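Summary of the model geometry
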Amino acid sequence: MKPSNKFFIKFYFFYCCSSLYRIHGFLVEQTRHIPELELTAIQLRHEATGAEHLHIARDDDNNVFGVGFSTPPMSSSGTPHILEHTTLCGSKKFPVRDPFFKMLNRSLANFMNAFTANDYTIYPFSTTHLLDYENLRDVYMDATFHPYLRELDFKQEGWRLEHQIPHDRATPLQFKGVVYNEMKGQMSDAGYLYYSRVQQYMYPGTAYGYNSGGEPRNITDLTHQELLDFHKSHYHPSNAKFYTYGNFPLENHLMTINNKIKDFTKLIPDQGIKIIKPFDKPQRIVFQGPIDPMNNSEKQTKMSISFLTNDITDVVETFALRLFAYLLLDGHASPMYKALIDTNIGSDFSENTGYDSSTRISSLSIGLQGMKSQDIPLAEQTIRKVLEDIHRNGFDSKRIEAALHQTELGKKHKTSDFGLSLMHSISSGWFNNCNPADILEINKNIEIIKERIKSEPFFQNLVEKYFLTNLHTLTCIMEPDPRYTDELSREEENRLSSKTSALSESEKNKIYEQSIELIQKQEAEEDLSVLPSLRVSDISREMRRIPLEHHNLENCPVQWRTTVTNGITYFRMISKIGELPDELKIYLPLFAQALTSLGTKTKTMAEIDDDIRLYTGGINASPFVSTNHSDIDQYEEGIVIASHCLDRNINQMYDIMQQLLRETNFDNVEKLRTMIYGNATNMMNSVVESGHAYAKTFAASRIAPAMANSEVYGGMTQVYFMNKLAGTEDFQSVINKLKEISLYLLSKSSLRVAITCGAEAVNQNEVMLKKFLPSFPDVAKSSSHAVERPKFQISHEKAFFPLPFAVNFSAKCFRGTPYTHPDGSKLQVLSSLMKTHYLHREIREKNGAYGGGAVYSPTSGIFSFFSYRDPKTLETLETYKQAIDWVANRKFSQQEMDEAKLSIFQGIDAPISVAQEGLVYFEGRINDDMRQLRREQLLSVTEDDIKEAAKILEQQEHLNWSSVTIIGEGKPEILEDNKWKVYQ
């Protein structure tokens, strides 16, 4: 029977309206129904310890649990971050190594993680399964309140000194550790570095003046005892906040939590210093950061002006400033975008631009990246001029209306992770003494703002209060320095030398002995029976089938998903490429972006952008590639256009899309230049953050044709191409290419459409589609020099992309099988077993990479090994080879087989939003029968099948049907080896 909260909600309403009510050691302090979000917020306090509990009762079976602690840092040694990692390495009730990662494979949770924020740490998960929820809640609470925090765990997750080859004392000592290497990667990310430095300079003398994640130069000062002390004072129920969401009964939550924390003695937690003493005059800081070798070195300066704003406990003022930032900064029509980006003073806004309420006293920053150093005065003048203009004239009423429309649409558009999204939206405020229900009452806040707008020059007053007369402003400038990465390396070498030279012989012996002990601990077999687990029998044999209808309108296939959508229509359209010449394909991402960025001959993009925001939830276009479900060498490619709107705005949505798609002004050279400059900057930032994904895509592009196109559209090939375009002033040739592409795309014969809406909106969508579809030509241009494309040739390649990263990313990819082939299920289960039982230990625990593993994509048919922020990528490549041999010699228990399947079905059975329903068939033509068959194949995989799958990889290796990619630091072992192909 499906659990329900309805009885408990009525029960609490009865008591809470008249007096305080006690249940399982908790006092109900407030109950508030919030109709716009269809939820009831119940706030409780644990009487014995003072722990707070927020329960969000809502008819949603994707239930969420979170326990968090206020953890303001007292230095940049990364104490909160390292504690977050070490806490999950074993506890009193679950005395095994790394129960968190072990539970990833014993659960059907669709989300499990932990986060260290500026001043709090939180441990959330979500699942639809009640027993699963209870299991994970038990593990999470024991991990946070009763962790072992062993010294060896601290050394593995935090930092340690260890010989380069741990068993060989003749090799030099090195710094190692998961968090240490993670933060080395973060600090070599120019965007993260800039954001972090701005905050530290903005809030000196407070907790926010330190990096809660830790900086490598400070992490190596942290001791194990300091970690223990921080846990004792901060991971205590008196300093805790519990968050529960969904339709599981509240009483069960309260009883379980009370049993776990009732024996703690109440204490007064240290909240740290969060209130900044305002500057007595504006500050200006200049510092150096890493250089992007692919971009013009003269246009890599970052600058911003940051203004101290309100105390976030004033929820209405926080809401007002967030709305102000949206009006000021968001989209083509925003005043700052037009003044700073359209004029090409910078290529895009800086990473810190916007309103930041993650600190007790918030701030609003306006800045640029991708700019010339000599343009800093112009940028400063322009920012202040725009603020002065708003002070005089305010914002256009249509823009204000559009902003409020986006808020209304956002309330109705429900995502599958709604409970987690709510948690993140309230956390900063809640950990800084805001009433979370006040934050959730969107309608109330909107009404207050509307009344103020009517009665006073509301936004003009905000400008006067926070931006024109504010002395607490910080102008922060980061200049690119080609020596930055080398200086980081020298600093690490000097710090290492300082520590090692001070070691006594007994300390050196201890380092060696602990290294050996750690390796033995990592390799030791454990009895995992103490950990709770679901069973394969908990997985439904039958998949949920989604009814779809298919019709033709105006000779165009239309897929209909008719269901409850909360008054929203979701539109999706694919245009297949057809005979587009190969030399034009690399321009396709730019073409797709141009459709929604260049405007038309009669309207600027700023004018259209106002309409988009007033009537839709956005209009997006992007390249599309889909591997055939039954043949890896066949694929479909094109572009996909997507939008959604309130049903009352259906007509306007189609009208705007028709304008954008049929009347694009490809001759808008200034806007095109802005797009290209912004893309070049943002793509490089993306590589720094997600280099493993780029490495996987490039490696896969050498062994499968669909992935070869994906690489052209969104991989390193596209990154290099966009940087090349940014370095040229010959935009006319680009315009000509985009115009030529337009002749091959968006013909009626190339289109198919998917509509998801309520039954009441079907007729109106049909009416508008009958007007919309005939606006496209019947057929596209055929290539005048069309030739049969040569058959794709698989190639084995070792590719290296040298970039100034402190740690690297790697991937090795094998060609697998198409979706409908039974071997695909075997390879998918194999990837899970490898990741859990071998790769995690070797890549993360031993080598200190932040992440690594194996994954099999059933839709693309690619088996991938990968590592993320990895200091030892060459060793990792050997680990990939050894993993295959390991499988051949390993006996897998039935429990391990079951766990591998559970981990796979976490993704398969994860809740999806109504907007996503039917897209598997629409985009990949994979029908429900194919999905059901694959489900049965996955559930039926045996140990013999795993051995067979490993042999498939061995054969692929023998046939050279694999490829390798490394992105990052250029080591001599690679650069001097002619077997590696270096891409500069």
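None of these values were measured; they are calculated from a predicted model. (Residues numbered from 1 in each chain as written. Predicted model: local features only at pLDDT ≥ 70, side-chain atom pairs only at ≥ 80, totals over all residues. Heavy atoms only, no water.)

Of regular secondary structure, the protein possesses 36 helices and 29 strands. The C-alpha atoms of the protein give a radius of gyration of 28 Å, which matches the 30 Å a tight globule of 984 residues would have. Summarising its shape, the C-alpha atoms of the protein cover approximately 75 × 75 × 65 Å along the three principal directions. For the protein, with 984 residues in total, the buried portion stands at 61%. (Helix = DSSP H or I, 4+ residues; strand = E, 2+ residues; numbered from the N terminus. Rg over C-alpha atoms; globule rule 2.2 N^0.38 Å. Buried < 20%, exposed > 50% of the residue type's maximum accessible area, 1.4 Å probe, protein only.)

Taken together, 6 strands build an open sheet; the order of strands is β26-β27-β25-β28-β24-β29 and the sheet is mixed. The sheet is open, and its two borders are formed by β26 (851-857) and β29 (981-982), each paired with just one other strand. Where β26 meets strand β27 (residues 862-870), 7 bridges bridge the pair, whose relative direction is antiparallel. Following the sheet pairing, Ala854 is matched in β27 by Phe865. (Pairing = 2+ DSSP bridges.)

Turning our eyes to something else, we now look at the environment of Ile285. Mapped onto the secondary structure, Ile285 falls in strand β12 (residues 283-289). As for Ile285 and Ile449, which are separated by 164 residues in sequence, their C-alpha atoms are 36 Å apart. What Ile285 contacts, discounting residues up to four positions off in sequence, is Tyr201, Leu474, Thr475, Cys476 and Ile477. (Contact = heavy atoms within 4.5 Å.)

Turning our eyes to something else, we now look at unusual backbone geometry. In this model, Asn344 sits at a positive phi of 60°, which is unusual for a non-glycine residue. Secondary-structure assignment places Asn344 in the loop between α12 (335-341) and β14 (348-349). Judged by its relative accessible area of 14%, Asn344 falls in the buried class. Positioned with a positive phi, Arg869 is a non-glycine residue whose angle comes to about 50°.

Where helix α30 (residues 823-846) contacts helix α31 (residues 873-888), the two axes come as close as 10 Å, and the packing angle between them is 130°. Between α30 and α31, the interaxial angle falls into the category oblique. Between α30 and α31 lies a crossing of right-handed hand. On α31, the residues touching Leu830, Leu833, Met834, His837, Tyr838, Leu839, Glu842 and Ile843 of α30 are Thr876, Thr879, Tyr880, Gln882, Ala883, Ile884, Trp886 and Val887. Considered class by class, the residues forming the contact of α30 with α31 number 11 nonpolar, 4 polar and 1 charged. (Axes fitted to C-alpha atoms, helices over the stretch in contact; angles between N-to-C directions. Parallel < 35°, antiparallel > 145°, perpendicular 65-115°, else oblique. Left-handed = near helix turned anticlockwise from the far one by under 90°. Nonpolar A, V, L, I, M, F, W, Y, C, P; charged D, E, K, R; others polar.)

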